[in-house]
Amino acid sequence: MTAALAASWSITLRYVRAAADDFWCAVEERCPGRLPEREAAVFLAALGRLATGGDDPAGRAALLAVLGHAYRRYRLLSHQHAVEAALAATVARHTPGTPELAAAWAVAARRASAAVTPAVARAGGGPAWWPAEVIDHDRPADGVAILTVRPWRRLPFRPGRAVPVCTGRWPGRWRWYSPANAPRPDGTVELHVRAVAAVSRALVHAVRPGDPLWLGPPHDVGLSLDPASRADLLLVAGGTGLAPLRALVEQVAAAPAGRRVTLVVGARTFADLYDSISLDKLQCAHDWLTLVPAFSHDPFADVGERGDALTVALDHHRPGQEVYLCGPPPMLAGSRLRLLAAGVPAERIHLPTEHVA
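Described in the following lines is the structure provided in the data block. Note that the structure is a prediction, hence the values are computed from the model and not measured.

### Notes on the overall build of the protein
Here comes step 1: A count of helical and extended segments in the protein gives 12 helices and 11 strands.
Here comes step 2: For a compact globule of 357 residues, the expected C-alpha radius of gyration is about 21 Å, and the protein comes in at 22 Å, within 12% of that figure.
Here comes step 3: Across the 357 residues that make up the protein, the buried fraction comes to 53%.
Here comes step 4: When contacts within the protein are restricted to residue pairs at least 6 apart in sequence, long-range pairs at least 24 apart make up 74% of them.
Here comes step 5: Taken together, the 38 basic and 33 acidic charged side chains of the protein have centroids lying 5 Å from each other.

Structure below.
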(Lines give C-alpha, C1' and ligand atoms only; values in the text may rest on other atoms or scores of the structure.)
Protein backbone atom coordinates (compact mmCIF):
# COMPACT_ATOMS: atom_id res chain seq x y z
CA MET A 1 0.00 0.00 0.00
CA THR A 2 3.02 2.29 0.43
CA ALA A 3 3.50 2.33 -3.35
CA ALA A 4 -0.18 3.16 -3.84
CA LEU A 5 0.10 6.07 -1.40
CA ALA A 6 3.11 7.44 -3.25
CA ALA A 7 1.43 7.02 -6.63
CA SER A 8 -1.76 8.77 -5.55
CA TRP A 9 0.25 11.59 -3.99
CA SER A 10 2.22 12.03 -7.20
CA ILE A 11 -1.07 12.39 -9.11
CA THR A 12 -2.35 14.92 -6.56
CA LEU A 13 0.77 17.04 -7.02
CA ARG A 14 0.03 17.35 -10.74
CA TYR A 15 -2.86 19.58 -9.68
CA VAL A 16 -1.05 21.16 -6.76
CA ARG A 17 -2.70 24.58 -7.01
CA ALA A 18 -6.21 23.20 -7.18
CA ALA A 19 -5.35 20.67 -4.47
CA ALA A 20 -4.03 23.46 -2.23
CA ASP A 21 -7.29 25.38 -2.70
CA ASP A 22 -9.32 22.30 -1.80
CA PHE A 23 -7.13 21.56 1.22
CA TRP A 24 -7.36 25.12 2.52
CA CYS A 25 -11.13 25.16 2.13
CA ALA A 26 -11.40 21.88 4.02
CA VAL A 27 -9.21 23.15 6.86
CA GLU A 28 -11.01 26.48 6.94
CA GLU A 29 -14.37 24.75 7.16
CA ARG A 30 -13.29 22.60 10.10
CA CYS A 31 -11.15 25.14 12.01
CA PRO A 32 -11.58 28.63 10.53
CA GLY A 33 -8.92 31.31 10.78
CA ARG A 34 -5.96 29.02 11.40
CA LEU A 35 -4.05 28.36 8.19
CA PRO A 36 -3.51 31.38 5.89
CA GLU A 37 -4.65 30.65 2.36
CA ARG A 38 -1.34 31.80 0.88
CA GLU A 39 0.54 29.16 2.94
CA ALA A 40 -1.71 26.22 2.04
CA ALA A 41 0.30 24.94 -0.93
CA VAL A 42 3.62 24.70 0.94
CA PHE A 43 1.92 23.23 4.00
CA LEU A 44 -0.01 20.62 1.98
CA ALA A 45 3.08 19.54 0.02
CA ALA A 46 5.11 19.04 3.20
CA LEU A 47 2.34 17.20 5.04
CA GLY A 48 1.62 14.92 2.10
CA ARG A 49 5.30 14.11 1.72
CA LEU A 50 5.52 13.21 5.40
CA ALA A 51 2.42 11.02 5.16
CA THR A 52 3.71 9.04 2.19
CA GLY A 53 7.15 8.49 3.74
CA GLY A 54 10.15 7.53 1.66
CA ASP A 55 12.52 10.24 2.91
CA ASP A 56 15.93 9.48 4.31
CA PRO A 57 16.51 10.46 7.97
CA ALA A 58 17.88 13.89 7.05
CA GLY A 59 14.96 14.70 4.75
CA ARG A 60 12.46 13.54 7.35
CA ALA A 61 14.16 15.66 10.01
CA ALA A 62 13.95 18.71 7.73
CA LEU A 63 10.27 18.03 7.03
CA LEU A 64 9.48 17.70 10.73
CA ALA A 65 11.38 20.88 11.56
CA VAL A 66 9.30 22.82 9.04
CA LEU A 67 5.96 21.26 9.94
CA GLY A 68 6.62 21.55 13.67
CA HIS A 69 7.01 25.31 13.27
CA ALA A 70 3.95 25.49 11.00
CA TYR A 71 1.69 23.65 13.46
CA ARG A 72 2.95 25.84 16.29
CA ARG A 73 2.66 29.12 14.39
CA TYR A 74 -0.87 28.43 13.14
CA ARG A 75 -2.02 26.75 16.37
CA LEU A 76 -3.00 23.55 14.59
CA LEU A 77 -1.94 20.98 17.16
CA SER A 78 -5.37 20.91 18.78
CA HIS A 79 -6.95 20.57 15.32
CA GLN A 80 -4.96 17.59 14.11
CA HIS A 81 -8.01 15.51 13.26
CA ALA A 82 -9.35 18.31 11.07
CA VAL A 83 -6.02 18.57 9.23
CA GLU A 84 -5.85 14.80 8.79
CA ALA A 85 -9.37 14.72 7.34
CA ALA A 86 -8.58 17.62 5.00
CA LEU A 87 -5.49 15.85 3.67
CA ALA A 88 -7.32 12.58 3.03
CA ALA A 89 -10.27 14.38 1.42
CA THR A 90 -7.98 16.40 -0.87
CA VAL A 91 -6.19 13.30 -2.17
CA ALA A 92 -9.52 11.51 -2.66
CA ARG A 93 -10.85 14.45 -4.68
CA HIS A 94 -7.92 14.44 -7.11
CA THR A 95 -7.05 10.74 -7.31
CA PRO A 96 -9.35 7.93 -8.40
CA GLY A 97 -9.13 5.35 -5.66
CA THR A 98 -10.63 2.50 -3.75
CA PRO A 99 -12.01 2.20 -0.23
CA GLU A 100 -8.75 0.47 0.70
CA LEU A 101 -6.71 3.42 -0.57
CA ALA A 102 -8.93 5.89 1.28
CA ALA A 103 -8.45 3.90 4.48
CA ALA A 104 -4.69 3.83 3.89
CA TRP A 105 -4.63 7.61 3.53
CA ALA A 106 -6.56 8.02 6.78
CA VAL A 107 -3.95 5.88 8.54
CA ALA A 108 -1.07 7.74 6.85
CA ALA A 109 -2.51 11.11 7.88
CA ARG A 110 -2.80 9.96 11.51
CA ARG A 111 0.76 8.66 11.39
CA ALA A 112 1.98 12.02 10.08
CA SER A 113 0.15 13.83 12.90
CA ALA A 114 1.76 11.56 15.47
CA ALA A 115 5.20 12.35 14.03
CA VAL A 116 4.56 16.10 14.04
CA THR A 117 3.45 16.27 17.69
CA PRO A 118 6.94 16.01 19.27
CA ALA A 119 8.30 18.32 16.54
CA VAL A 120 5.88 21.02 17.67
CA ALA A 121 7.26 20.75 21.21
CA ARG A 122 10.78 21.28 19.86
CA ALA A 123 9.84 24.17 17.56
CA GLY A 124 10.55 27.75 18.48
CA GLY A 125 8.61 30.83 17.47
CA GLY A 126 8.72 32.65 14.17
CA PRO A 127 7.71 31.69 10.64
CA ALA A 128 7.69 28.11 9.40
CA TRP A 129 9.32 29.15 6.11
CA TRP A 130 10.63 32.19 4.28
CA PRO A 131 9.75 32.54 0.58
CA ALA A 132 12.87 33.48 -1.36
CA GLU A 133 13.99 34.20 -4.91
CA VAL A 134 17.13 32.93 -6.60
CA ILE A 135 19.01 36.00 -7.78
CA ASP A 136 22.25 34.36 -8.91
CA HIS A 137 23.20 30.84 -9.95
CA ASP A 138 26.84 30.00 -10.63
CA ARG A 139 28.35 26.66 -11.68
CA PRO A 140 32.00 26.95 -10.54
CA ALA A 141 32.78 23.22 -10.88
CA ASP A 142 31.28 20.09 -12.34
CA GLY A 143 28.22 19.08 -10.35
CA VAL A 144 28.43 22.06 -7.97
CA ALA A 145 26.37 25.25 -7.87
CA ILE A 146 26.55 28.39 -5.77
CA LEU A 147 23.10 29.95 -5.36
CA THR A 148 22.49 33.42 -4.01
CA VAL A 149 18.92 33.77 -2.77
CA ARG A 150 17.02 36.72 -1.34
CA PRO A 151 14.30 35.92 1.20
CA TRP A 152 11.24 38.14 1.08
CA ARG A 153 11.95 38.95 4.71
CA ARG A 154 15.22 38.64 6.57
CA LEU A 155 16.19 35.13 7.64
CA PRO A 156 17.42 35.24 11.27
CA PHE A 157 20.28 32.75 11.07
CA ARG A 158 23.68 32.51 12.72
CA PRO A 159 26.81 31.20 10.95
CA GLY A 160 27.23 27.46 11.27
CA ARG A 161 23.53 26.72 11.42
CA ALA A 162 21.61 24.68 8.83
CA VAL A 163 18.44 25.67 7.02
CA PRO A 164 15.81 23.40 5.41
CA VAL A 165 15.44 24.32 1.73
CA CYS A 166 12.66 23.43 -0.72
CA THR A 167 12.33 24.08 -4.44
CA GLY A 168 9.04 24.25 -6.29
CA ARG A 169 10.45 21.69 -8.70
CA TRP A 170 10.10 19.09 -5.91
CA PRO A 171 7.17 20.25 -3.74
CA GLY A 172 7.29 19.00 -0.18
CA ARG A 173 10.88 17.77 -0.29
CA TRP A 174 13.01 19.69 2.19
CA ARG A 175 16.78 19.28 2.45
CA TRP A 176 19.34 20.79 4.82
CA TYR A 177 21.87 23.34 3.60
CA SER A 178 24.14 25.62 5.61
CA PRO A 179 24.51 29.24 4.47
CA ALA A 180 28.05 29.98 3.33
CA ASN A 181 27.96 33.55 4.63
CA ALA A 182 27.45 35.52 7.78
CA PRO A 183 24.30 37.69 7.74
CA ARG A 184 24.59 40.43 5.10
CA PRO A 185 23.12 43.94 5.04
CA ASP A 186 21.05 43.04 1.96
CA GLY A 187 19.69 39.87 3.58
CA THR A 188 20.92 37.54 0.83
CA VAL A 189 21.92 33.97 1.60
CA GLU A 190 24.52 31.94 -0.29
CA LEU A 191 24.03 28.18 -0.66
CA HIS A 192 26.62 25.68 -1.91
CA VAL A 193 25.06 22.58 -3.48
CA ARG A 194 26.57 19.42 -4.91
CA ALA A 195 24.32 17.38 -7.23
CA VAL A 196 23.74 14.09 -5.40
CA ALA A 197 19.99 13.29 -5.30
CA ALA A 198 16.77 14.67 -6.77
CA VAL A 199 16.57 18.00 -4.89
CA SER A 200 20.26 18.82 -5.13
CA ARG A 201 20.32 17.90 -8.82
CA ALA A 202 17.43 20.27 -9.42
CA LEU A 203 19.18 23.05 -7.51
CA VAL A 204 22.37 22.53 -9.52
CA HIS A 205 21.06 21.78 -13.01
CA ALA A 206 17.49 23.12 -13.28
CA VAL A 207 16.98 26.11 -10.98
CA ARG A 208 17.66 29.52 -12.53
CA PRO A 209 17.63 33.17 -11.35
CA GLY A 210 14.06 34.25 -10.72
CA ASP A 211 12.95 30.84 -9.48
CA PRO A 212 11.32 30.60 -6.05
CA LEU A 213 12.73 28.69 -3.08
CA TRP A 214 11.52 28.29 0.49
CA LEU A 215 13.88 28.45 3.46
CA GLY A 216 12.88 26.80 6.71
CA PRO A 217 13.78 27.73 10.30
CA PRO A 218 17.54 27.71 10.98
CA HIS A 219 18.74 24.97 13.33
CA ASP A 220 21.85 24.58 15.44
CA VAL A 221 23.76 21.54 14.18
CA GLY A 222 26.84 21.73 16.37
CA LEU A 223 28.94 24.08 14.23
CA SER A 224 28.17 27.45 15.83
CA LEU A 225 30.93 29.42 17.54
CA ASP A 226 30.81 29.77 21.30
CA PRO A 227 30.28 33.52 21.79
CA ALA A 228 32.26 33.41 25.06
CA SER A 229 35.34 31.78 23.49
CA ARG A 230 38.30 33.63 21.97
CA ALA A 231 40.27 30.49 21.13
CA ASP A 232 42.01 30.13 17.80
CA LEU A 233 40.17 28.02 15.21
CA LEU A 234 41.16 25.10 13.00
CA LEU A 235 38.44 24.65 10.38
CA VAL A 236 38.50 21.51 8.22
CA ALA A 237 36.23 21.42 5.15
CA GLY A 238 35.54 18.75 2.58
CA GLY A 239 33.55 19.48 -0.58
CA THR A 240 30.54 21.71 -0.01
CA GLY A 241 31.09 21.23 3.73
CA LEU A 242 33.09 24.40 3.18
CA ALA A 243 29.87 26.46 3.32
CA PRO A 244 29.26 26.68 7.11
CA LEU A 245 32.98 27.00 7.85
CA ARG A 246 33.37 29.91 5.43
CA ALA A 247 30.45 31.50 7.25
CA LEU A 248 32.39 31.14 10.52
CA VAL A 249 35.36 32.93 8.93
CA GLU A 250 33.06 35.79 7.92
CA GLN A 251 31.67 35.88 11.46
CA VAL A 252 35.16 36.26 12.89
CA ALA A 253 35.94 38.95 10.31
CA ALA A 254 32.87 40.92 11.36
CA ALA A 255 34.01 41.08 14.99
CA PRO A 256 37.79 40.57 15.22
CA ALA A 257 38.89 39.43 18.67
CA GLY A 258 42.57 38.64 18.15
CA ARG A 259 41.94 34.99 17.31
CA ARG A 260 43.74 33.28 14.46
CA VAL A 261 41.95 31.00 12.02
CA THR A 262 43.36 28.20 9.89
CA LEU A 263 40.98 26.95 7.20
CA VAL A 264 41.88 23.67 5.51
CA VAL A 265 39.88 23.09 2.34
CA GLY A 266 39.84 19.56 0.98
CA ALA A 267 39.26 18.64 -2.65
CA ARG A 268 40.30 15.86 -5.00
CA THR A 269 42.25 18.13 -7.35
CA PHE A 270 42.84 21.83 -7.84
CA ALA A 271 39.98 21.91 -10.39
CA ASP A 272 37.59 20.74 -7.67
CA LEU A 273 38.41 23.70 -5.40
CA TYR A 274 35.19 25.42 -6.42
CA ASP A 275 35.20 28.55 -4.19
CA SER A 276 38.82 29.61 -4.63
CA ILE A 277 38.11 33.24 -5.63
CA SER A 278 36.08 34.00 -2.50
CA LEU A 279 38.64 32.23 -0.33
CA ASP A 280 41.51 34.19 -1.87
CA LYS A 281 39.68 37.44 -1.19
CA LEU A 282 39.19 36.49 2.44
CA GLN A 283 42.82 35.54 2.89
CA CYS A 284 44.07 38.75 1.26
CA ALA A 285 41.79 40.85 3.46
CA HIS A 286 42.70 39.26 6.83
CA ASP A 287 46.20 38.55 8.08
CA TRP A 288 44.83 36.36 10.89
CA LEU A 289 43.47 33.86 8.34
CA THR A 290 45.62 31.05 6.93
CA LEU A 291 44.16 29.14 4.00
CA VAL A 292 45.52 25.64 3.38
CA PRO A 293 44.32 23.52 0.42
CA ALA A 294 44.41 19.73 0.73
CA PHE A 295 44.32 17.63 -2.44
CA SER A 296 43.66 13.92 -2.11
CA HIS A 297 44.17 12.99 -5.78
CA ASP A 298 46.38 15.70 -7.30
CA PRO A 299 49.92 14.50 -8.13
CA PHE A 300 51.00 18.08 -8.82
CA ALA A 301 50.11 19.40 -5.37
CA ASP A 302 52.86 20.61 -3.08
CA VAL A 303 54.05 18.10 -0.52
CA GLY A 304 52.35 19.91 2.36
CA GLU A 305 49.05 19.96 0.46
CA ARG A 306 48.83 16.27 -0.40
CA GLY A 307 46.38 14.06 1.45
CA ASP A 308 42.86 14.14 2.78
CA ALA A 309 41.71 17.30 4.55
CA LEU A 310 41.99 15.95 8.09
CA THR A 311 45.48 14.53 7.56
CA VAL A 312 46.71 17.89 6.28
CA ALA A 313 44.83 19.71 9.03
CA LEU A 314 46.52 17.71 11.79
CA ASP A 315 49.86 19.09 10.59
CA HIS A 316 48.48 22.56 11.37
CA HIS A 317 46.90 21.76 14.73
CA ARG A 318 48.15 23.76 17.69
CA PRO A 319 47.21 23.34 21.36
CA GLY A 320 44.22 25.41 22.39
CA GLN A 321 42.50 25.49 19.00
CA GLU A 322 38.82 24.76 18.62
CA VAL A 323 38.48 22.27 15.76
CA TYR A 324 35.45 22.32 13.43
CA LEU A 325 34.90 19.74 10.69
CA CYS A 326 32.26 19.57 7.97
CA GLY A 327 32.14 17.45 4.83
CA PRO A 328 30.72 14.30 3.29
CA PRO A 329 30.01 11.28 5.50
CA PRO A 330 33.16 9.35 4.48
CA MET A 331 35.26 12.29 5.67
CA LEU A 332 33.46 12.57 8.99
CA ALA A 333 33.46 8.82 9.71
CA GLY A 334 36.11 8.17 12.31
CA SER A 335 37.26 11.80 12.39
CA ARG A 336 36.49 12.23 16.08
CA LEU A 337 38.63 9.21 16.96
CA ARG A 338 41.48 10.52 14.81
CA LEU A 339 41.35 13.89 16.50
CA LEU A 340 41.22 12.35 19.97
CA ALA A 341 44.20 10.16 19.08
CA ALA A 342 46.07 13.30 17.96
CA GLY A 343 45.51 14.83 21.40
CA VAL A 344 42.60 17.17 20.66
CA PRO A 345 40.36 17.37 23.76
CA ALA A 346 36.84 16.06 23.16
CA GLU A 347 35.27 19.36 24.21
CA ARG A 348 37.19 21.17 21.45
CA ILE A 349 35.93 18.92 18.63
CA HIS A 350 32.87 20.18 16.73
CA LEU A 351 31.16 18.01 14.11
CA PRO A 352 27.76 18.44 12.44
CA THR A 353 24.95 16.40 13.92
CA GLU A 354 24.30 13.16 12.12
CA HIS A 355 21.02 14.06 10.41
CA VAL A 356 22.61 17.08 8.71
CA ALA A 357 25.94 15.52 7.83
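Read on, since the account is not over.
### Quick look at the pattern of salt bridges
Here comes step 1: Taken as a whole, this structure holds 11 salt bridges when the rule is applied.
Here comes step 2: Put simply, aspartate 55 and arginine 175 hold a salt bridge, and the shortest N to O gap is 2.9 Å. In this pair, aspartate 55 is assigned in the loop between α3 (40–52) and α4 (57–73) and arginine 175 in strand β4 (residues 175–177), connecting sequence segments 120 residues apart. Comparing aspartate 55 with arginine 175 shows no difference in burial state: the two are buried.
Here comes step 3: Between glutamate 250 and arginine 246 there is a salt bridge, and its shortest N-O distance comes to 3.4 Å. Pair noted here: glutamate 250 and arginine 246 are both in helix α8 (residues 242–254), with a separation of four residues, about one helical turn.

### Overview of the pairing of strand β9 (residues 289–295)
Here comes step 1: Most of β9 is tucked away: six of the seven residues are buried.
Here comes step 2: One ladder, built from seven bridges, connects strand β8 (residues 261–267) with β9; its direction is parallel. In the sheet register, alanine 267 faces β9, and the bridge partner there is phenylalanine 295.
Here comes step 3: Following the backbone out of β8, through helix α9 (residues 276–285) and into the adjacent parallel β9, one traces a crossover that is right-handed.

### Things to note about the packing of helix α5 (residues 80–94) against helix α6 (residues 99–122)
Here comes step 1: Where α5 contacts α6, the axes come no closer than 9 Å and their chain directions differ by 140°. As far as their axial angle goes, α6 and α5 are oblique. α6 is crossed by α5, and the crossing has right-handed handedness. Only Trp105, Ala109, Arg110, Ser113 and Thr117 of α6 make contact with α5, whose side of the interface consists of Gln80, Glu84, Leu87, Ala88 and Val91.

### Examining the packing of helix α1 (residues 2–14) against α3
Each pair of packed helices can be summarised by the angle the axes make with each other and by the distance between the axes.
Here comes step 1: Look at α1 against α3: their axes get within 9 Å of each other, and the N-to-C directions meet at 165°. Looking at the two axes, α1 sits roughly antiparallel to α3. Relative to α3, the crossing made by α1 is left-handed. On α3, the residues touching Thr2, Leu5, Ala6 and Trp9 of α1 are Leu44, Ala45, Gly48, Arg49 and Thr52.
Here comes step 2: A per-class count over the contact of α1 with α3 returns five nonpolar, three polar and one charged.

### Some details on the layout of surface pockets
Here comes step 1: Reported here for the second largest pocket is a volume of approximately 600 Å³.
Here comes step 2: Lining the second largest pocket we find 25 residues, and of these Arg38, Glu39, Ala41, Val42 and Trp214 sit closest to its centre.
Here comes step 3: Secondary structure elements with two or more residues in the lining of the second largest pocket: α2 (16–30), α3, β1 (130–141) and β6 (212–215).
Here comes step 4: Broken down by element, the residue count for the lining of the second largest pocket peaks at five residues, all from α2.
Here comes step 5: The class makeup of the residues in the lining of the second largest pocket is 17 nonpolar, two polar and six charged.

Calculation criteria
- Residues numbered from 1 in each chain as written.
- Predicted model: local features only at pLDDT ≥ 70, side-chain atom pairs only at ≥ 80, totals over all residues.
- Heavy atoms only, no water.
- Helix = DSSP H or I, 4+ residues; strand = E, 2+ residues; numbered from the N terminus.
- Rg over C-alpha atoms; globule rule 2.2 N^0.38 Å.
- Buried < 20%, exposed > 50% of the residue type's maximum accessible area, 1.4 Å probe, protein only.
- Contact = heavy atoms within 4.5 Å.
- Lys, Arg positive; Asp, Glu negative; His and termini not counted.
- Charge placed at Lys NZ, Arg CZ, Asp CG, Glu CD.
- Salt bridge = Lys/Arg side-chain N within 4 Å of Asp/Glu carboxyl O.
- Pairing = 2+ DSSP bridges.
- Right-handed = clockwise from strand over helix to strand, strands pointing away.
- Axes fitted to C-alpha atoms, helices over the stretch in contact; angles between N-to-C directions.
- Parallel < 35°, antiparallel > 145°, perpendicular 65-115°, else oblique.
- Left-handed = near helix turned anticlockwise from the far one by under 90°.
- Nonpolar A, V, L, I, M, F, W, Y, C, P; charged D, E, K, R; others polar.
- 1 Å grid on protein atoms, 1.4 Å probe; cavity = no way out; pocket = protein on both sides within 12 Å on 5 of 7 lines; lining within 4 Å.
- Points joined across faces, edges and corners; volume = space filled by probe spheres on them.

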